[in-house]
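Read off the chains here:
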Amino acid sequence: MFYRENGQFKSSYRADLALFPIAQDRWAMLALAAICFVAVPMLVSDYAFRAVLIPFLILSLAAIGLNILVGYCGQISLGTGAFMAVGAYAAYNLQVRIDGMPLVLSILGGGVAAMALGVVFGIPSLRIRGLYLAVATLAAQFFIDWFTNRVKWVTNDSPSGSVGVRSLEMLGYEFSTPVQKYLLCLCFVVVFGMLAKNLVRGAIGREWMAMRDMDVAAAVIGIRPVYAKLTAFAVSSFIVGVAGALWGFVHLGAWEPAAFGIEKSFQLLFMIIIGGLGSIAGCFFGAAFIVLLPLLLNYVPHWLGLPLSTATASHLEHMIFGALIVFFLIVEPHGLARLWSTARQKLRLWPFPH
């Protein structure tokens, strides 16, 4: 009854194509922004920022980048961890080798480096697809793992192979507390989330979806496969590279090549499958699920008085991930985002049956 469009008339194409055409959605997003920017920093503990909110935001951003490639353009990628590593190490080298390099420019520079690598490894998508393309992108993961372990220049000749960020400063302001780091990540997520949402709604987004649905038919109607696929790889890799820089700079602080291994690539792929392929909102649902599930498996058994070892909880986590992936692929291929969309449609009709 409260989620209705009655009386909300649209008198222009601009109003009809608005990002949030329903007034209730606009107010809900403003309320959510107020909660995230104002209420959460005042109410949440430092542990929750470090263990839950900051990883959730960064993984959501990485999932947005991967979903553009896999969900919207239909190009399977198993090398997302490699592009995150490129973003992190490129941003680190910009900070180390250029005196006074602004923090934001370093992070964006990491995204640009990942974008360049993404375009290079996206070239095979012009000839191959499906499982063969997945193997080609997996080669990027193994290549970057070898490169970061063997080439000492990448780690600034670090004897241990690990690198670290001394401080996060921008315009004389230092991001040192968990709240400040959370707000930094939140700003990146909001900006890139809005850009990605508008991008997939525009002409280039429709080209990506046409290539995903039937690339031969898309080429027949005038869509250039080279342009569509390479732009998808470029945009996806750029966003993932920015997320990798944030993961290294903000969340980890110090890291080694194993931090961006193949496990990270599979984790992000599971995230968009569970959250919903071809949905920006699904990236946040999937990231929330991935971040919260291990915490629930650790805390809930203790609250219920059930003894559960760390190893058992880890095995349960993998079992639940596998079962949910099979479930969503069979029952609801569009993931949690589809369930949320269905609930919204029900609210628009409630209390009427149809």
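1. Focus: the overall build of the protein
- Of the regular secondary structure elements, the protein holds 14 helices and four strands.
- Taken along the three principal axes of its C-alpha coordinates, the protein extends 65 × 60 × 45 Å.
- Taking all 354 residues of the protein together, the buried fraction comes to 44%.
- Expressed as a percentage of contacts within the protein between residues at least 6 apart in sequence, the contacts between residues at least 24 apart total 74%.
- Within the structure as shown, the protein displays about 18400 Å² of accessible surface, and the carbon and sulfur contribution to it stands at 69%.

2. As for the confidence of the model for the protein
- Summing up the model confidence of the protein, the mean pLDDT is 85 and the portion of residues at 70 or higher is 96%.
- Here helix H1 (residues 13-16) stands out as the least confident element of the protein, with mean pLDDT 74; helix H3 (residues 46-72) is the most confident, with 93.

3. A short note on the packing of aromatic side chains
- Under the counting rule described, the total for this entry stands at 13 aromatic pairs.
- Lying across the ring of Tyr227, Arg224 places its NZ or CZ 4.6 Å from the centre.

4. Thoughts on the packing of helix H8 (residues 203-213) against helix H10 (residues 225-252)
- Taken N-terminus to C-terminus, the directions of H8 and H10 make an angle of 105°; their axes are 10 Å apart at the nearest point. With respect to H10, the axis of H8 lies roughly perpendicular. Contacts between H8 and H10 pair Ile204, Glu207, Trp208 and Met211 from the former with Pro225, Tyr227, Ala228, Lys229, Thr231, Ala232 and Val235 from the latter.
- Class assignment for the residues of the contact of H8 with H10 results in eight nonpolar, one polar and two charged.

5. Some details on the pattern of salt bridges
- One pass over the full model with this rule turns up one salt bridge.
- The closest approach of N and O atoms between Asp213 and Arg212, which form a salt bridge, is 3.1 Å.
- In this structure Arg212 comes out as partly exposed when scored by relative accessible area, which is 32%.

6. Focus: the state of the cysteines
- Counted under the stated rule, the structure contains zero disulfides.
- Cys187 supplies the cysteine sulfur nearest to Cys36, a cysteine that is in no disulfide, at a spacing of 11 Å.
- Among the cysteines around Cys185, which has no disulfide bond, Cys187 carries the closest sulfur, lying 9.3 Å off.

7. Structural notes on a nonpolar patch on the surface
- A grouping of Phe37, Val38, Met42, Leu43, Val190 and Met194 is seen on the molecular surface, where their side chains present a nonpolar patch of about 600 Å² in accessible area.
- Residue assignment for the nonpolar patch shows that the elements contributing at least two residues are helix H2 (23-43) and helix H7 (178-201).
- Considering every element that reaches the nonpolar patch, the biggest residue donor is H2, with four residues.
- By the secondary structure assignment, Leu43 is in helix H2.
- Looking at Leu43, the relative accessible area reads 72%, which means it is exposed.

8. Regarding the nonpolar core
- Grouped together as the largest cluster of nonpolar side chains are 93 residues, with contacts concentrated most on Tyr182, Phe249 and Trp255.
- For this core, the element with the highest residue contribution is H3, accounting for 17 residues.
- Non-local contacts of Tyr182, meaning those with residues more than four positions away in its chain, are made with Cys36, Val40, Pro41, Phe49, Leu53, Ile54 and Leu57.

9. Section: helix H6 (residues 131-150)
- An ideal rise of 1.5 Å per residue puts 28 Å on 20 residues; H6 measures up with 29 Å between its terminal C-alpha atoms.
- Of all the residues in H6, the buried ones are Leu133, Ala134, Ala136, Thr137, Leu138, Ala140, Gln141, Ile144 and Thr148.
- On its buried side, H6 packs onto helix H4 (80-97), helix H5 (103-122), H10 and helix H11 (262-275).

10. With respect to the packing of H11 against helix H14 (residues 335-349)
- Taken N-terminus to C-terminus, the directions of H11 and H14 make an angle of 25°; their axes are 3 Å apart at the nearest point. Classed by the angle they form, the pair H11 and H14 counts as roughly parallel. Of the residues in H14, those in contact with Ile273, Ile274 and Gly275 of H11 are Gly335, Leu336 and Ala337.
- Residues that form the contact of H11 with H14 fall into these classes: four nonpolar, two polar and no charged.

The rules behind the values
Along each chain, residues carry numbers from 1 onward, in the same order as the chain's sequence is written. The predicted nature of this model means local features are confined to residues of pLDDT at least 70 and side-chain atom pairs, given and counted, to a pLDDT of 80 or more, with totals for whole chains, interfaces and linings taken over all residues. The basis for every side-chain value is the complete set of non-hydrogen atoms in the structure, without hydrogens or water. The helix and strand labels rest on DSSP assignments: H or I over at least four residues marks a helix, E over at least two residues marks a strand, and numbering proceeds from the N terminus. Between buried and exposed lies partly exposed: a residue is buried under 20% and exposed over 50% of the maximum accessible area for its type, with that area taken using a 1.4 Å probe on protein chains only. Throughout, a contact is declared for two residues whenever any of their heavy atoms are within 4.5 Å. We get accessible surface area from the Shrake-Rupley algorithm with a probe of 1.4 Å; when it comes to residues, only the shown protein chains can shield them. The predictor attaches a confidence to each residue, and that confidence, scored 0 to 100, is pLDDT. Aromatic contacts are taken between Phe, Tyr and Trp rings whose centres are within 6.5 Å, Trp giving its six-membered ring; a plane angle under 30 degrees counts as stacked, one over 60 as edge-to-face, and the others as tilted. Only when the NZ of Lys or the CZ of Arg is both within 6 Å of the ring centre and within 35 degrees of the ring normal is a charge said to sit over the ring. Angular values range over 0 to 180 degrees, each being the angle between N-to-C directions of two axes fitted as lines to C-alpha atoms, with helices fitted over their stretch in contact. Roughly parallel refers to an angle under 35 degrees, roughly antiparallel to one over 145, roughly perpendicular to one between 65 and 115, and oblique to any angle outside these ranges. Throughout this entry, Asp, Glu, Lys and Arg are counted as charged residues, while Ala, Val, Leu, Ile, Met, Phe, Trp, Tyr, Cys and Pro are counted as nonpolar. The remaining residues, Gly among them, count as polar. Salt bridges, as used here, are contacts in which a Lys or Arg side-chain nitrogen is within 4 Å of a carboxyl oxygen on Asp or Glu. In this description, a disulfide is simply a cysteine sulfur pair whose atoms lie within 2.5 Å. Two joining distances apply to patches: 9 Å for like charges and 5 Å for nonpolar side chains (Val, Leu, Ile, Met, Phe, Trp, Tyr), and every residue must have over 30% relative accessible area and no salt bridge. Among the buried residues, those of types Ala, Val, Leu, Ile, Met, Phe, Trp, Tyr and Cys that are joined through side-chain atoms within 4.5 Å form a nonpolar core. In this analysis, the expected span of each helix is defined as 1.5 Å times one less than the number of residues it contains.

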